[in-house]
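Next come the chains, spelled out residue by residue.
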Amino acid sequence: MDPALLKEREAFKKRAMATPTVEKKAKVEKVFAPPKDDRPKKIRPPTGPKLDATTYKTMAGSSQYRFGVLAKIVKHMRTRHQDGDDHPLTLEDILDETNQLDVGQSVKNWLGSEALMNNPKIEATPDGLRFSYKPVYKIKDGKSLLRLLKQHDLKGLGGILLEDVQESLPHCEKVLKNRASEIIFIVRPIDKKKILFYNDRTANFTVDEEFQKLWRSATVDAMDDAKIDEYLEKQGIRSMQDHGPKKQVPKRKKVASKKRQFKKPRDNEHLADVLETYEDNTLTLKGVNPT
């Protein structure tokens, strides 16, 4: 190796050793994880204006809540009437019995002035301060029920729905059980609802079995009135012609008669001047003495 280069190398090492240097080391950042907490954390409620029950019930758009309050009142008044309590109550008493005293003032005003006054199932006193249930029929006991059934029977109004009687008559099941011999129950085939009729014992009579067989054998469900009339006429029975609805013959409209216009005769038109002079001469000569 060249000795000159070795000298330069040694001289460079000496200069490097004589010059002080500071070595910069990269900093290592340590991340410390927080200790785990097994305790349940409390969920903070969302911040905002607080809503209590009163303000919510009086907010706009709470019509569903209003009608819910009304439905609960009507249901309670019906149950109360069926239990025999028919004396009227004030609005505060009704809300107390239905556990709805926390309703807002606007709902109370709506109930007292509009909802209960116009409800078909609620009846108000003349002063408008007390309310009671309004049933379908005004019946309180078994006697009033039989009186109602008799009136329907005499007037030909038919029977009464059992559900209407249950709604109107207090202690209905007990009354119907005691009056079972005086009432006839019929199940309507259309909707299977029970109908109550008065059991008129004076109309009971025995029917001959032969007549019952003939009655049951005659089927006229698929026949109209024209076919029934034709069958009776073939059998020589004409007594049924005067019964039943009579057919109305449409009346014919009268045609308005036109007034006749009399035409003047045209035979003597060429003698019109002669006739006029003749009439004038006769008129002038009527008042003249011929002598």
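Since the structure is predicted, the reported quantities are computational estimates derived from the model, not experimental observations. (Residues numbered from 1 in each chain as written. Predicted model: local features only at pLDDT ≥ 70, side-chain atom pairs only at ≥ 80, totals over all residues. Heavy atoms only, no water.)

Student: Is there a simple way to think about the sheet that holds strand β3 (residues 130-133) in this case?
Tutor: By way of backbone hydrogen bonds, the strands of a sheet pair with one another, either parallel or antiparallel. The antiparallel open sheet is built from three strands, whose spatial order is β1-β3-β2. Edge positions in the sheet fall to β1 (89-90) and β2 (122-124), since each of these pairs with one other strand and no more. As paired strands, β1 and β3 are joined by two bridges and run antiparallel to one another. Looking at β3, one finds that Thr90 is bridged to Arg130. Packed onto the sheet, helix α3 (residues 63-82) meets β1, β2 and β3 and runs at close to 65° relative to β3. (Pairing = 2+ DSSP bridges. Helix = DSSP H or I, 4+ residues; strand = E, 2+ residues; numbered from the N terminus. Contact = heavy atoms within 4.5 Å. Axes fitted to C-alpha atoms, helices over the stretch in contact; angles between N-to-C directions.)

Student: How should the pairing of β3 be read in this particular structure?
Tutor: Moving residue by residue along a regular strand, the side chains alternate between the two faces of the sheet. Relative to β3, β2 runs antiparallel, the two sharing three bridges. When the bridges of β3 are listed, Glu123 appears paired with Ser132. The hairpin formed by β2 and β3 contains five residues between the paired strands, and Gly128 there has a positive phi angle of roughly 75°.

Student: Mind showing me how you'd approach the packing of aromatic side chains here?
Tutor: Summed over the entire model, instances satisfying the criterion amount to two aromatic pairs. On the basis of an interplanar angle of 80° and a centroid distance of 5.4 Å, the ring pair of Phe67 and Trp110 is categorised as edge-to-face. Residue Phe67 is found in helix α3, and its partner Trp110 is found in helix α5 (residues 105-118); the two are separated by 43 residues along the sequence. On the basis of relative accessible area, Trp110 is assigned to the buried category, the value being 12%. (Phe/Tyr/Trp six-rings, centres within 6.5 Å; stacked < 30°, edge-to-face > 60°. Buried < 20%, exposed > 50% of the residue type's maximum accessible area, 1.4 Å probe, protein only.)

Student: What am I meant to see in the confidence of the model for the chain here?
Tutor: In the predicted model, the chain carries a mean pLDDT of 76, and the fraction of residues at 70 or more is 67%. Helix α2 (residues 53-57) is the least confidently modelled element of the chain, averaging 46 in pLDDT, while β3 averages 93, the highest of any element. (pLDDT = per-residue confidence, 0-100.)

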